[in-house]
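Topology and contacts: notes
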Amino acid sequence: PASALHEAVHRRRRGGRFPLAVTFDDDLTSHAAEALPILRGADTLATFFVCGASLQRPHVFWWELLQDAIDRNLLSDGMLGEGIVRRKQDGESAGLSNVAALAASIREAPPAEREALTERLRRVLPAQQRHPEMPADDIRRIVVQGMEIGFHTRRHEVLPALGDTELEEAMIEGRAELEALAGAPLRTIAYPHGAVDARVARAARAAGFATGYSTEPHAILADDEPMTLGRIEAPHDSAARLAFMLLRGLTRMWARASS
């Protein structure tokens, strides 16, 4: 499990096999329906970093609504709002693709602006086309099957952009509910969007987390800061590309170790 990976790196001796943790972010229902049976069939542990946004009522995150709206050709600049369109255009001038620039501009928008867009997307999309995140029963299934639950924060905000009070709240909101389902304290966190800085890492440690993961694509060294560990994101196209990325991560690790 991800909570034990840094310790396993410490224990590894020269010539030994490299420890590896498999992780999943966000509360996708496919994680329980599709990934969990595959993991069990391969006798493999994994850590699921969840938000718990659908524990009290069905919830869909903005990026899923955005994808549905794009797929159905329902999106317009008028629906996005002036601020998001302006940030998107700034991103495009930096060479980003339209969709990547749009997602980045929404991610960087003030929470109130992003919530307003989310509500507009909810109104335009048919209710039956929305896919709520993982409910409590799915989280229980994951736990019963021996998997680990980690924390991904309830609102999935870009944590470095939050004020101190909001950041402190993000570290605890919804956590107790997930701990009740997991049957244990949540001591490992994956930062939403992979975004972490020194202040966020300190806040996570102060909130009782022992390990934190970003999405910086590097393998882990024994002396790495445990609150800012990196991860390599699996590609969608082939297992061969994943093997290449893992090898590249190990190569960079050796370069870091020798520097």
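Residues numbered from 1 in each chain as written. Predicted model: local features only at pLDDT ≥ 70, side-chain atom pairs only at ≥ 80, totals over all residues. Heavy atoms only, no water.

In terms of helices and strands, the protein chain carries 12 helices and 5 strands. On C-alpha atoms alone, the protein chain measures out to a radius of gyration of 19 Å, which is about the 18 Å that the 2.2 N^0.38 rule sets for 259 residues. A total of 259 residues make up the protein chain; the buried ones form 41% of that total. Of all intrachain contacts in the protein chain linking residues separated by at least 6 positions in sequence, the fraction that spans at least 24 positions is 64%. Carbon together with sulfur atoms contributes 52% to the accessible area of the protein chain, which is approximately 13900 Å² in total. (Helix = DSSP H or I, 4+ residues; strand = E, 2+ residues; numbered from the N terminus. Rg over C-alpha atoms; globule rule 2.2 N^0.38 Å. Buried < 20%, exposed > 50% of the residue type's maximum accessible area, 1.4 Å probe, protein only. Contact = heavy atoms within 4.5 Å. Areas by Shrake-Rupley, 256 points an atom, 1.4 Å probe, with all protein chains shown as cover.)

Quick look at helix α8 (residues 136–144) now. Where α8 is concerned, the buried positions are A136, D138, I139 and I142. Viewed along the axis of α8, the buried residues span an arc of 160 degrees, placing them on a single side of the element. Exposed residues lying more than 90 degrees from the buried face of α8 are D137 and V144. Looking at the buried positions of α8, the neighbouring elements they touch are α2 (29–41), β2 (47–50), β3 (148–151) and α10 (175–182). Backbone geometry just after α8 places G146 at a positive phi near 90 degrees. (Arc of directions from axis to C-beta.)

The next point concerns the pattern of salt bridges. Under the counting rule described, the total for this entry stands at 13 salt bridges. With a closest N to O distance of 3.0 Å, E173 and R155 form a salt bridge. On the criterion of sequence distance, the pair formed by E173 in the loop between α9 (164–170) and α10 and R155 in the loop between β3 and α9 is long-range, its members being 18 residues apart. (Salt bridge = Lys/Arg side-chain N within 4 Å of Asp/Glu carboxyl O.)

Moving on, we get to the confidence of the model for the protein chain. The predicted model of the protein chain averages 87 in pLDDT, with 92% of residues at 70 or higher. Across residues 93–97 the pLDDT falls below 50, and counting only partners more than four positions away or on other chains, this stretch makes 2 contacts in the model. (pLDDT = per-residue confidence, 0-100.)

Before going further, it helps to examine the environment of D26. With respect to the element layout, D26 can be found in the loop between β1 (23–25) and α2. Residue classification places D26 among the buried residues on the basis of a relative accessible area of 18%. Contact partners of D26, with chain neighbours within four places excluded, come to H31, F49, V50, W63, H152 and H156. Side-chain polar atoms of D26 contact the side chain of H156, separated by 3.0 Å. (Polar contact = N/O pair within 3.5 Å; in protein donor to acceptor, adjacent residues only side chain to side chain.)

Okay, helix α3 (residues 62–71) next. Within an α-helix, residues lying three or four positions from one another point in the same direction, as the helix has 3.6 residues per turn. Every buried residue of α3 is listed here: W62, E64, L65, L66, D68 and A69. Downstream of α3 by one or two residues, N73 has phi in the positive range, about 55 degrees.

Each pair of packed helices can be described by the angle between their axes along with the distance between the axes. Here α2 crosses α8 at 35 degrees, and the two axes come no closer than 9 Å. In this structure, the crossing between α2 and α8 has a hand that is left-handed. On the side of α2, the interface is formed by T29, A32, A33 and L36, while α8 contributes D138, R141 and I142. The residue makeup of the contact of α2 with α8, split by class, is 4 nonpolar, 1 polar and 2 charged. (Axes fitted to C-alpha atoms, helices over the stretch in contact; angles between N-to-C directions. Left-handed = near helix turned anticlockwise from the far one by under 90°. Nonpolar A, V, L, I, M, F, W, Y, C, P; charged D, E, K, R; others polar.)

With 30 residues, the main nonpolar core has F48, L159, M171 and Y191 as its most contacted residues. Listing elements by their share of this core, those giving two or more residues are α2, β2, α8, β3, α9, α10 and α11 (198–206). Per-element tally for this core: the top contributor is α11, with 4 residues. Not counting residues up to four positions away in its chain, the partners in contact with Y191 are H152, L159, V196, V200, A201, A204, G212, Y213, S214 and M227. (Core = buried A, V, L, I, M, F, W, Y, C linked by side-chain atoms within 4.5 Å.)

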